[in-house]
Amino acid sequence: MVSRYAGWSSNIKLANLLHAHANPTPGPPSYRAVPSMSSPMSVIALVMAMFIFMQGSTALQVHQTSAYQTCMGSRASCSRLWLDSRSLTGTLPTELGMLTRVTLLTIAVNQLTGTLPTELTALTRVTHISLHTNLLTGTLPTELGMITSLSWMGVFGNQLTGTIPTELGALTRQTIMLLNDNHLKGTLPTELGALTDLWLVLFCGNQLTGSLPTELFALTGLRRMEFNNNQLIGTLPTELGTFTGLTLMQFDENQLTGTLPTELAALSSLTLMGLSNNSLTGTLPPDLATLTSLSLMWLCKNPSLCGDIPVGVTPTARSGSCATPSVGTLLGSACPAPPPPSEPVAAPTSIVDEQPLKENWFRKRDVARQNAFPQKHAWFRKQAKQEAGMTSSD
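Right, let's walk through the structure included here. Predicted model, so just to flag it, every value in this text is computed and none were measured.

### Looking at the packing of aromatic side chains
(1) Moving on: Evaluated as defined, the whole model comprises three aromatic pairs.
(2) Moving on: Relative to F227, the ring of F203 lies with its centre 5.8 Å away and its plane at 85°, an arrangement referred to as edge-to-face. Placement of F203 in the loop between β13 (200–202) and β14 (207–210) and of F227 in the loop between β15 (224–226) and β16 (231–235) is noted, with a sequence separation of 24 residues between them.
(3) Moving on: Owing to a relative accessible area of 2%, F203 belongs among the buried residues under this scheme.
(4) Moving on: Centre to centre, the rings of F217 and F243 are 5.9 Å apart; their planes meet at 35°, and the pair counts as tilted. Of this pair, F217 sits in the loop between β14 and β15 while F243 is found in the loop between β16 and β17 (248–250), placing the two residues 26 residues apart along the sequence. The pair F217 / F243 is uniform in exposure class, with both members buried.
(5) Moving on: One aromatic cluster is present, built from ring pairs that chain together F203, F227 and F251.

Structure (structure tokens):
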């Protein structure tokens, strides 16, 4: 392992070693260029090289250019570590926590495996963490809630499991939270309602359950919300109408029921509404025709959703399961009339009505007595005949 106290000459050797591995593009002598790597490389080698640069007399400043990353030789501290699409393999090293000056950390679109190291909490200055489109597993560490400087978090497109930690509600500077396309389960934490600066939330493509917590409706600054492809239940709350700045709303492929609230007509900025593949019922609110910005509506496969499509609103088809705009719905036709109520059976209201019931009861009682005591009844009949004979002779 290279010593953290390596001097300038060691820094140059490490840089040259990395350049040789990456087949660098020649550049001016004032900087070193680390181009896109043609072969996989462990991320720990790059991280340790970055750390040594930061400790030496020449610090590291990382910029993204069209062809390569430029490490500018200056005395400014290293603030950005950008290693997207570098074919990096292996796990995220715990040494990432040593880069305490970093404000931007992005190692997306690689082949990284393993779990998210809890040492990331040492990055007290970081505002942007992007680790999306890798092969990361495990759960979201609760310690992520300690990085209070974080405003942008993207871990989508991995294989993360478990629940969404309630501790994420402490990230009050968060503006973008991208957790989509993982294997997250459980309900949406009510603590997320404290993230009042959020304007982009992507939780789609998971296995989330339960209903939308009312605390989320405090996030009035939301511009885009995607909860599609989950297992959410319940109805669409009327509070959705408070998101007047919302431009995109997707709840496709859940288990939502109930009717569409008329308050959706207050979403004057909405351009896309995705509600397909649920169990919504009732009539499409005519007031949706007032949403002049609305250009896409995905409504298919709601078997009991019916009514006339408002003028000016087109239920555009969605690719895949929604090849036809209104397939599996009754849209475009009037809702079927409800079935007539069944007539209740009238109860007896008078003595006359009750009389046949009483006579039938007495008849059954007499028959039961005769069957239960046949010998006794025969003796009484014989005695009655004898008495009748004696009476006639007298």
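### Observations regarding the pairing of β16
(1) Moving on: Bridge count for β14 against β16 is two bridges, and the pairing is parallel. When the bridges of β16 are listed, T209 appears paired with Q231.
(2) Moving on: Across three bridges, β16 lies against strand β18 (residues 255–258) in parallel orientation. The partner of T235 across the bridge, within β18, is T257.

How each quantity is defined
- Residues numbered from 1 in each chain as written.
- Predicted model: local features only at pLDDT ≥ 70, side-chain atom pairs only at ≥ 80, totals over all residues.
- Heavy atoms only, no water.
- Phe/Tyr/Trp six-rings, centres within 6.5 Å; stacked < 30°, edge-to-face > 60°.
- Helix = DSSP H or I, 4+ residues; strand = E, 2+ residues; numbered from the N terminus.
- Buried < 20%, exposed > 50% of the residue type's maximum accessible area, 1.4 Å probe, protein only.
- Pairing = 2+ DSSP bridges.

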